[in-house]
Amino acid sequence: MDDTDAVLDDLFAVIEDRKENLPEDSYTASLFTHEKGENAVLEKLGEESTELLLAAKDDDRDEIAHEAADIVYHMLVLLSMKDMDVEALRTELRDRR
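The rules behind each value
- Residues numbered from 1 in each chain as written.
- Predicted model: local features only at pLDDT ≥ 70, side-chain atom pairs only at ≥ 80, totals over all residues.
- Heavy atoms only, no water.
- Axes fitted to C-alpha atoms, helices over the stretch in contact; angles between N-to-C directions.
- Helix = DSSP H or I, 4+ residues; strand = E, 2+ residues; numbered from the N terminus.
- Parallel < 35°, antiparallel > 145°, perpendicular 65-115°, else oblique.
- Left-handed = near helix turned anticlockwise from the far one by under 90°.
- Contact = heavy atoms within 4.5 Å.
- Nonpolar A, V, L, I, M, F, W, Y, C, P; charged D, E, K, R; others polar.
- Salt bridge = Lys/Arg side-chain N within 4 Å of Asp/Glu carboxyl O.
- Buried < 20%, exposed > 50% of the residue type's maximum accessible area, 1.4 Å probe, protein only.
- Core = buried A, V, L, I, M, F, W, Y, C linked by side-chain atoms within 4.5 Å.
- Polar contact = N/O pair within 3.5 Å; in protein donor to acceptor, adjacent residues only side chain to side chain.

Participant: Can you tell me about the packing of helix 1 (residues 3-21) against helix 4 (residues 61-81), naming the residues and giving the values?
Facilitator: At a closest axis distance of 10 Å, the pairing of helix 1 and helix 4 adopts a crossing angle of 50°. The angle between helix 1 and helix 4 places the two elements in the oblique class. Handedness of the crossing formed by helix 1 with helix 4: right-handed. Of helix 4, the residues touching helix 1 (which contributes Leu8, Leu11, Phe12, Ile15, Glu16 and Lys19) are Val72, Tyr73, Leu76, Val77, Leu79, Ser80 and Met81. Looking at side-chain class alone, the contact of helix 1 with helix 4 contains 10 nonpolar, 1 polar and 2 charged residues.

Okay, here's the thing in structure tokens:
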């Protein structure tokens, strides 16, 4: 497993833990309990996508990395909400090679 795999697996494990334990001070947990349900995460994905596009337009490499990370994080939360895991993503990406 390379560093990227380890980072994604570690982040997903934290997301799954927050989903199960719902700590009060956790942003991740708040996404699982939000009154809008999964729409809260879907809206965040849309917002972060727009921010990524604007950062790319401005050629702001630091901001591109930041917004791309936000998208990956919210995408992993969505996978967890749908009772999927990182391996489903890996498999899909592998199949596209």
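Here the narrative resumes.
Participant: Tell me about the pattern of salt bridges, residues and numbers included.
Facilitator: Under the defined criterion, the tally for this structure stands at 12 salt bridges. Two residues, Glu43 and Lys36, come together in a salt bridge whose shortest N-O distance is 2.8 Å. Its relative accessible area of 42% is what places Lys36 among the partly exposed residues. In this structure, Lys44 and Glu47 form a salt bridge, with 3.0 Å as the shortest nitrogen-oxygen distance. Of this pair, Lys44 and Glu47 both sit in helix 3 (residues 39-57), 3 residues apart, which is roughly one turn of the helix.

Participant: Go over the environment of Thr4 with me, naming the residues and quoting the values.
Facilitator: If you trace the backbone, Thr4 turns up in helix 1. With 63 residues separating them along the chain, Thr4 and Glu67 place their C-alpha atoms 17 Å apart.

Participant: Outline the nonpolar core, supporting the account with residue identities and numerical values.
Facilitator: If you look at the biggest cluster of nonpolar residues, it comprises 14 residues, and the most contacted ones within it are Leu31, Val41, Leu76 and Val77. The leading source of residues in this core is helix 4, at 7 residues. Excluding residues within four positions of it along the chain, Val41 makes contact with Leu31, His74, Val77, Leu78 and Met81.

Participant: I'd like to hear about the packing of helix 3 against helix 4, residue by residue, with values.
Facilitator: Relative orientation of the contacting elements helix 3 and helix 4 amounts to 160°, with a least axis distance of 9 Å. Taken together, the axis directions place helix 3 and helix 4 in an arrangement best described as roughly antiparallel. Helix-helix and strand crossings are classified by hand; for helix 3 and helix 4 the assignment is left-handed. Contacts between helix 3 and helix 4 involve Val41, Leu42, Lys44, Leu45, Glu48, Ser49, Glu51, Leu52, Ala55 and Ala56 from the first element and Glu63, Ile64, Glu67, Ala68, Asp70, Ile71, His74, Met75, Val77, Leu78 and Met81 from the second.

Participant: Lay out the side chain of Ser26 in plain terms, naming residues and giving numbers.
Facilitator: Inspection of the secondary structure assignment puts Ser26 in the loop between helix 1 and helix 2 (27-33). Judged by its relative accessible area of 9%, Ser26 falls in the buried class. A polar side-chain atom of Ser26 sits 3.0 Å from the main-chain amide nitrogen of Ala29.

Participant: Just give me the short version of unusual backbone geometry, but keep the residues and values in it.
Facilitator: You will see that Leu22, though not glycine, has its phi angle at about 45°, which is positive. Summarising the element assignment, Leu22 is placed in the loop between helix 1 and helix 2. In this structure, Asp83 takes a positive phi of about 55° despite not being glycine. Tracing the sequence through the fold places Asp83 in the loop between helix 4 and helix 5 (86-95).

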